[in-house]
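Notes for the structure review
Read off the chains here:
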Amino acid sequence: QVQLVESGGGLVQPGGSLRLSCAASGRIFSIYSMGWYRQAPGKQRELVATINSGSNTNIADSVKGRFTISRDNAKNTVYLQMNSLKPEDTAVYYCYTDHRANLYSDREAVWGQGTQVTVSS
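About the thresholds
What you see as residue numbers is a count from 1 along each chain, following the sequence as written. For this predicted model, a pLDDT threshold of at least 70 governs which residues receive local features, and a threshold of 80 or more governs which side-chain atom pairs are given and counted, while totals over whole chains, interfaces and linings are taken from all residues. By convention in this description, side-chain values take in all heavy atoms of the structure and omit both hydrogens and water. Definition of nonpolar core: a set of buried residues of the types Ala, Val, Leu, Ile, Met, Phe, Trp, Tyr and Cys, connected through side-chain atoms within 4.5 Å. For the exposure calls, accessible area comes from a 1.4 Å probe over protein chains only, and a residue counts as buried if that area is under 20% of its type's maximum, exposed if over 50%, partly exposed in between. Every helix listed is a DSSP run of H or I at least four residues long, and every strand listed is a run of E at least two residues long, numbered separately from the N terminus. Contact criterion: two residues are considered in contact whenever any of their non-hydrogen atoms come within 4.5 Å of each other. Strand pairing is assigned whenever DSSP identifies at least 2 bridges connecting the two strands. Working definition: a disulfide is two cysteine sulfur atoms within 2.5 Å of each other. Values of pLDDT, the confidence the predictor places in each residue, fall between 0 and 100. Axis definition: a line fit to C-alpha positions, over the contact stretch in the case of helices; interaxial angles, taken between N-to-C directions, run 0 to 180 degrees.

**A closer look at the nonpolar core**
Grouped together as the largest cluster of nonpolar side chains are 29 residues, with contacts concentrated most on Trp36, Leu80, Met82 and Tyr93. For this core, the secondary structure elements donating two or more residues are β3 (18-25), β4 (30-39), β5 (46-52), β7 (67-72), β8 (77-82), β9 (91-100) and β11 (115-119). Among the elements that make up this core, the one with the highest residue count is β3 (four residues). Not counting the four nearest positions on each side in its chain, tyrosine 93 is found in contact with Glu6, Leu20, Trp36, Tyr37, Arg38, Val48, Phe67, Leu80, Met82, Gly114, Thr115 and Val117.

Following this line, the structure appears as structure tokens:
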């Protein structure tokens, strides 16, 4: 069973920075991708950023140029560096991993519990 542990959320002023981390643990054979979704109050869930096994990244237009996703393969950890934060970035951020538990397992996704990011003066 893969588990995700998220950290780094909190309250920050506009223009500030936060760094989210998400560590995956448990039975993992291979990880196809890891990334982040977010959901703001009254809005649909939005894919923020992904990074795959080849370290290719996909960044949402709404955060491009401000957010950076990276990955530490040895630790099965994904990071989201958030700079120049805006009030509209306020949301619950959810980490996910797209992986196989072993060679014969189906591909599956596991989601974190979410971490609150609040951008306010």
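Now that the structure has been shown, we can carry on.
**What to know about the pairing of strand β1 (residues 3-7)**
Burial of the side chains of β1 is restricted to one face: Leu4 and Glu6 are buried, whereas none of Gln3, Val5 and Ser7 on the reverse face is. With five bridges connecting them, β1 and β3 associate as antiparallel partners. Paired with glutamine 3 across the strands is serine 25, a residue of β3.

**Description of the environment of tryptophan 111**
Relative to the assigned elements, tryptophan 111 resides in strand β10 (residues 108-111). Exposure remark for tryptophan 111: the relative accessible area of 38% places this residue in the partly exposed category. Spatially, the C-alpha atom of tryptophan 111 lies 18 Å from that of asparagine 58, the residues being 53 residues apart in sequence. Those residues within four positions of tryptophan 111 in sequence are excluded, and the remaining contacts are Leu4, Tyr37, Arg45, Tyr94, Cys95 and Tyr96.

**Things to note about the state of the cysteines**
A complete count under the given rule lists one disulfide for this structure. The residue that forms a disulfide with cysteine 22 is cysteine 95, at a sulfur-sulfur distance of 2.0 Å. Here cysteine 22 and cysteine 95 share a disulfide; its torsion about the S-S bond, -85°, makes the bridge left-handed. Of this pair, cysteine 22 sits in strand β3 while cysteine 95 is found in strand β9, placing the two residues 73 residues apart along the sequence. The residues cysteine 22 and cysteine 95 share a single accessibility class, namely buried.

**Section: the confidence of the model for the protein**
Averaged over every residue, the pLDDT of the protein is 94; residues scoring 70 or more account for 100%. The secondary structure element of the protein with the lowest average pLDDT is β10, at 92, and the one with the highest is strand β2 (residues 10-12), at 98.

**Things to note about the sheet that holds β1**
Reading across the sheet, the four strands line up as β1-β3-β8-β7 and stay open at both edges, with antiparallel pairing between neighbours. Of all the strands in the sheet, the pair left with one neighbour each is β1 and β7. Strand-to-strand, the axes of this sheet are offset by a mean angle of 15°, without reference to chain direction. Strand direction decides the pairing type here: β3 and β8, joined by six bridges, are antiparallel.

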